[in-house]
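Given next are the chains, with one letter for each unit.
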Amino acid sequence: MPDGLLQHGLPVIDIADCAEGGDLHKVAAAIRAACTGPGFFYVRNHGVPAEVIAGAVEASRRFFHLPPEVKAETRANLVHRGWHRAGGAVMEGATKPDLKEFFSIGLDLPEDHPVVLAGEKLRGPNQWPAAVPELRPAMEAYFAAVGACGARLLRAVAISLDLPADFFAPSYTLPLQRTQAIFYPPQAPDDLDGFGVAPHTDFGCITLLWQDDSGGLEVKERQSGAWIPAPPLPGTLVVNVGDLLGRWSNDRFASTPHRVVNRSGHERMSIATFYDPNFDAAIDPRALGATQPVYEPTTCGAHILGRFAQAFAYRKTA
Ligand SMILES: O=C(O)CCC(=O)C(=O)O
Ligand SMILES: [Fe+2]
């Protein structure tokens with residue numbers, strides 16, 4: 001498939017040139033068009049090995065098939081790590097909780113790491129289930145590979161915003177990256193108002209998504225407001241702009257609503273990675289060149305904590 005070809009209305013961008021020595025400007029031009037257009041695109045040559053993806057998916061699947069009381073041994077804690085049961089997430093404006101359940105990891109920081117000792121929120125070690133010992137190496141390998149892809153991609157994003165390629169790097173020394181294996185039960189055909197994930201925009205900077213072959217992801221078209229399918233394309237990840245990058249870029253790039261409805265008749269799995277900067281990274285549109293900022297400066301952590309407080313039941317009852 002040639003570069004830039006539209007698949008189902010969404011561009012496919014070959015990001016091989018994000019590697020050392022590649023033509024970043026070519027990728028950046030395609031990213032700028034995608035991020036000022038649909039806000040969603042596919043990437044090929046993303047560098048996450050197929051066997052790393054397969055390992056993370058299969059180990060996660062084994063985990064999700066465990067009895068709930070076993071999964072609950074790694075129930076999500078206040079640093080957002082572990083198993084999030086179905087029903088624990090409600091998207092803004094939704095009338096019902098999402099049908100999905102998910103297992104979330106982040107940067108694995110020991111209890112004696114300076115930022116953990118300093119009490120920085122959302123920091124700490126990951127949780128792992130004893131019942132699926134292979135989950136840890138599999139998810140850690142995926143986390144590292146997809147994070148490296150996110151870092152390469154942000155070099156092109158920086159250029160697409162007329163910034164130096166390494167602009168984002170100092171804000172990503174301890175990324176608030178969250179990688180979540182997600183499990184969607186099949187939805188009953190007569191369930192017309194249930195969602196695997198209800199319409200929402202992502203909270204963070206950029207999202208990198210692997211999805212299985214079930215389909216079900218739908219993206220809101222900016223002009224028409226129609227929901228268009230973003231079906232799986234072999235060998236690609238789906239990338240989209242989140243609210244934090246919208247805010248940081250003063251709306252030069254904007255997040256796009258999307259949702260998941262699993263009408264495949266069988267379970268669906270995906271792995272979403274929210275590749276976000278350091279907790280204390282300053283999110284100031286002026287740093288990205290805005291002369292008339294429409295947003296007050298904030299930090300990544302303050303923004304994400306605000307969105308978490310609205311969305312996740314475990315943070316309300318804790
Ligand atoms: O599973 C998917 O296809 C999308 C998940 C998603 O939108 C999210 O977790 O924010
Ligand atoms: Fe999302």
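- As annotated in an unreviewed UniProt entry, the protein chain carries the name 2-oxoglutarate-dependent ethylene/succinate-forming enzyme and is attributed to Falsiroseomonas oleicola.
- Annotation of the protein chain in UniProt includes, under Sequence similarities (unreviewed entry), the sentence "Belongs to the iron/ascorbate-dependent oxidoreductase family."
- In its Cofactor (unreviewed entry) section, the UniProt entry covering the protein chain states "Fe(2+)".

1. What to know about the site of ligand 1
Then comes step 1: Taken together, Ile182, Val197, Asp202, Leu209, Gln211, Leu217, His258, Val260, Ser270 and Ala272 make up the full set of residues near ligand 1.
Then comes step 2: Secondary-structure elements contributing two or more residues to the shell around ligand 1 are strand 8 (206-211), strand 12 (258-260) and strand 13 (268-275).
Then comes step 3: Broken down by class, the residue content of the shell around ligand 1 amounts to six nonpolar, three polar and one charged.

2. Description of helix 5 (residues 135-160)
Then comes step 1: If you check helix 5, its first and last C-alpha atoms are 36 Å apart, about what 26 residues at 1.5 Å a residue would give, namely 38 Å.
Then comes step 2: Positive phi shows up at Asp162, right after helix 5, with a value of about 60°.

3. Overview of the UniProt feature "domain: Fe2OG dioxygenase" (unreviewed entry) in the protein chain
Then comes step 1: UniProt tags residues 175-277 as "domain: Fe2OG dioxygenase" (unreviewed entry).
Then comes step 2: Between the C-alpha atoms that bound residues 175-277 there is a distance of 5 Å. The span itself is 6% helix and 40% strand.

4. Looking at the nonpolar core
Then comes step 1: Residues Ile13, Val27, Ile31, Leu153, Ala156 and Ile206 are the most contacted members of the largest nonpolar core, which totals 83 residues.
Then comes step 2: Sequence-distant contacts of Ala156, that is, excluding residues within four places in its chain, are made with Ile15, Cys18, Leu24, Val27, Ala28 and Ile31.

5. Re helix 2 (residues 50-64)
Then comes step 1: Between its first and last C-alpha, helix 2 extends 21 Å over 15 residues, near the 21 Å set by a 1.5 Å rise per residue.
Then comes step 2: Inspection of helix 2 places Ile53, Ala56, Ala59, Ser60 and Phe63 among the buried residues, and these make up the whole buried set. For helix 2, the angular spread of the buried residues around the axis is 145°, confining them to a single face. Of the residues in helix 2, the exposed ones pointing more than 90 degrees away from the buried face are Ala50, Glu51 and Ala54.
Then comes step 3: Along its buried surface, helix 2 packs onto helix 3 (68-71), strand 5 (101-105), helix 5, strand 6 (178-184), strand 8 and strand 13.

6. Observations concerning the packing of helix 2 against helix 5
Then comes step 1: Between helix 2 and helix 5, the shortest axis-to-axis distance is 8 Å and the interhelical angle comes to 135°. With respect to their mutual orientation, helix 2 and helix 5 come out oblique. Helix 2 and helix 5 meet at a crossing whose hand is left-handed. Contacts between helix 2 and helix 5 involve Val52, Ile53, Gly55, Ala56, Ala59, Ser60 and Phe63 from the first element and Leu135, Ala138, Met139, Ala141, Tyr142 and Ala145 from the second.
Then comes step 2: Looking at the contact of helix 2 with helix 5 residue by residue, the classes come out as 11 nonpolar, two polar and no charged.

7. Considerations on the pairing of strand 6
Within a regular strand, side chains alternate between the sheet's two faces.
Then comes step 1: Strand 6 sits mainly inside the fold: seven of its seven residues count as buried.
Then comes step 2: Going residue by residue along strand 6, you find Arg178, Gln180, Ile182 and Tyr184 tucked away on one face and Thr179, Ala181 and Phe183 tucked away on the opposite face as well.
Then comes step 3: Across five bridges, strand 5 lies against strand 6 in antiparallel orientation. Bridge assignment links Glu101 to a residue of strand 6, and that residue is Phe183.
Then comes step 4: Bridge analysis of strand 6 against strand 13 gives seven bridges, and the strand direction is antiparallel. Bridge pairing links Phe183 to Met269 in strand 13.

What counts as what
Residues numbered from 1 in each chain as written. Chains lettered and ligands numbered in written order. Predicted model: local features only at pLDDT ≥ 70, side-chain atom pairs only at ≥ 80, totals over all residues. UniProt positions renumbered as here; feature names shortened; annotations may be inferred. Near = placed C-beta within 6 Å. Helix = DSSP H or I, 4+ residues; strand = E, 2+ residues; numbered from the N terminus. Nonpolar A, V, L, I, M, F, W, Y, C, P; charged D, E, K, R; others polar. Expected span 1.5 Å × (residues − 1). Core = buried A, V, L, I, M, F, W, Y, C linked by C-beta atoms within 7 Å. Buried ≥ 20, exposed ≤ 12 C-beta atoms within 10 Å, placed from the backbone. Contact = placed C-beta atoms within 7 Å. Arc of directions from axis to C-beta. Axes fitted to C-alpha atoms, helices over the stretch in contact; angles between N-to-C directions. Parallel < 35°, antiparallel > 145°, perpendicular 65-115°, else oblique. Left-handed = near helix turned anticlockwise from the far one by under 90°. Pairing = 2+ DSSP bridges.

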